[in-house]
Amino acid sequence: MSALLDLRGLTKHFPLSPDLFGRPKATVHALDDVSLSLARGETLSIVGESGCGKSTLGKAIVQLQVPTAGDILLEGARVNGQRGAALKAFRKRVQMVFQDPYSSLNPRLTVFDSLAEPLRNFGIAHARAELERQIGDLLQQVGLPRDAAHRYPHEFSGGQRQRIAIARALAPRPDLIVCDEAVSALDVSVKAQVVNLLGDIQKATGLSLVFISHDLAIVEHLTHRVAVMYLGRVVELAERRALFGDARHPYTRALISAVPVPDPKVRKTRTMLKGDVPSPLRPPSGCRFHTRCPFATETCRAVTPALRPVAEGHKVACHFDISPDGTQVRDAA
Ligand code: SF4
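Residues numbered from 1 in each chain as written. Predicted model: local features only at pLDDT ≥ 70, side-chain atom pairs only at ≥ 80, totals over all residues. Heavy atoms only, no water.

A.B. asks: How do you make sense of helix α1 (residues 54-61) when you look at a structure like this?
C.D. replies: Two residues of an α-helix separated by three or four positions point the same way, owing to the 3.6 residues in each turn. The buried fraction of α1 amounts to six of the eight residues, a majority that puts the element mostly inside the structure. When we look at burial in α1, the residues that qualify are Lys54, Thr56, Leu57, Gly58, Ala60 and Ile61. Gln63 lies just past α1 and shows a positive phi near 70°. (Buried < 20%, exposed > 50% of the residue type's maximum accessible area, 1.4 Å probe, protein only. Helix = DSSP H or I, 4+ residues; strand = E, 2+ residues; numbered from the N terminus.)

Below you can see the structure in the form of structure tokens.
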């Protein structure tokens, strides 16, 4: 698989409004030095608790947020900071699906009009007959009948509305769709259907997906690789099997422990995450996880751990190698 997207040292800080004397009050450290890549036809999931920076990362990728530093490359070409025709060409290739389908569907427009807009804008179809044909095909692609085109968004269930939002994102035939908590608001069974739909579309079209979610159970079914984020930084990056079977970072292990499991014996061995994520206004020094980590030392409080390789395709940002049961803690080699 060749690289489609490269993120290099992506950083996004939000300075808050200055105080009465014009002095900047504080800065929200939403993203710090995030470097990731995505291959064609691959799904990379970004997971973490609320406030970890995953949605900011998604918005930066689709250029709804301008990064403070770092680069976004699409097939090797730097794309951040684009405007006008270049930005339009980028948007044709990179689309986004939000948690709330109404973010991309105007409730006053029929499904036909909502889907016709990107087809016209990106010069894919203009004539009525061609629009009818392509919109019917898009609806079928997302498992809806062709005649759904002539109804309004409120006439559909939440899951069906999200299918329409996916059809709209697919309309310009993008290379990449960023799904930001796209199934989080749906019922469990509907979630699974929409996730399966995304998987089927990917197999049929070679689409790449960045799947942002706090729900590891869903991620496990869909993804090829996972990046775990904590307070704006990537703390672990691995292929799905390695992450769910051999997580190395204490935060990742705690997140996986929090996934509901039916077996009470498994539940007994869980390690629960204590406390809340600290404020991104004043992230902790050194390893940002040190305030919640049972293994934290003075080194952790002073030195930021680099994302280091621990196995083929598996990286972790921790100063130590910690055994799965937490009984052995060794300095990283
Ligand atoms: Fe915990 Fe220290 Fe590793 Fe951070 S670097 S995860 S605080 S042991």
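Next, the rest of the story.
A.B. asks: Explanation requested: the sheet that holds strand β11 (residues 308-311) in the structure shown.
C.D. replies: Note on sheets: strands pair through backbone hydrogen bonds, and any given pair is parallel or antiparallel. Pairing is mixed in the open sheet, where eight strands are placed in the order β6-β7-β8-β3-β9-β10-β12-β11. The outermost strands of the open sheet, each flanked by one partner alone, are β6 (94-97) and β11. Neighbour-to-neighbour, the strand axes of this sheet turn through a mean angle of 25°, independent of strand direction. Note that strand β7 (residues 176-180) and strand β8 (residues 208-213) share five bridges and pair parallel. Bridged to Ile177 within β8 is Leu209. Across the sheet, α1 is in contact with β3 (43-47), β6, β7, β8 and β9 (225-230); its angle to β8 comes to roughly 150°. Helix-sheet contacts for helix α6 (residues 188-205) involve β3, β7 and β8, and the interaxial angle to β8 is about 160°. (Pairing = 2+ DSSP bridges. Axes fitted to C-alpha atoms, helices over the stretch in contact; angles between N-to-C directions. Contact = heavy atoms within 4.5 Å.)

A.B. asks: Hey, could you run me through the side chain of Asp6 in this one?
C.D. replies: Looking at the secondary structure, you find Asp6 in strand β1 (residues 3-15). Within the buried core, Asp6 has no salt-bridge partner, and the shortest N-O distance to an opposite charge, that of Arg8, equals 4.0 Å. If near-sequence neighbours (up to four positions away) are discounted, Asp6 is found in contact with Leu36, Ser37, Asp71, Ile72 and Leu73. (Lys, Arg positive; Asp, Glu negative; His and termini not counted. Salt bridge = Lys/Arg side-chain N within 4 Å of Asp/Glu carboxyl O.)

A.B. asks: Hey, could you run me through the sheet that holds β1 in this one?
C.D. replies: Pairing is antiparallel in the open sheet, where four strands are placed in the order β2-β1-β4-β5. Lying at the two open borders of the sheet, with one neighbouring strand each, are β2 (27-39) and β5 (77-78). Here β1 pairs with β2 via nine bridges, running antiparallel. Along β2, the bridge assignment pairs Leu10 with Val34. Packing of α1 onto the sheet brings it into contact with β1, β2 and β4 (69-74), and relative to β1 it is tilted by some 120°.

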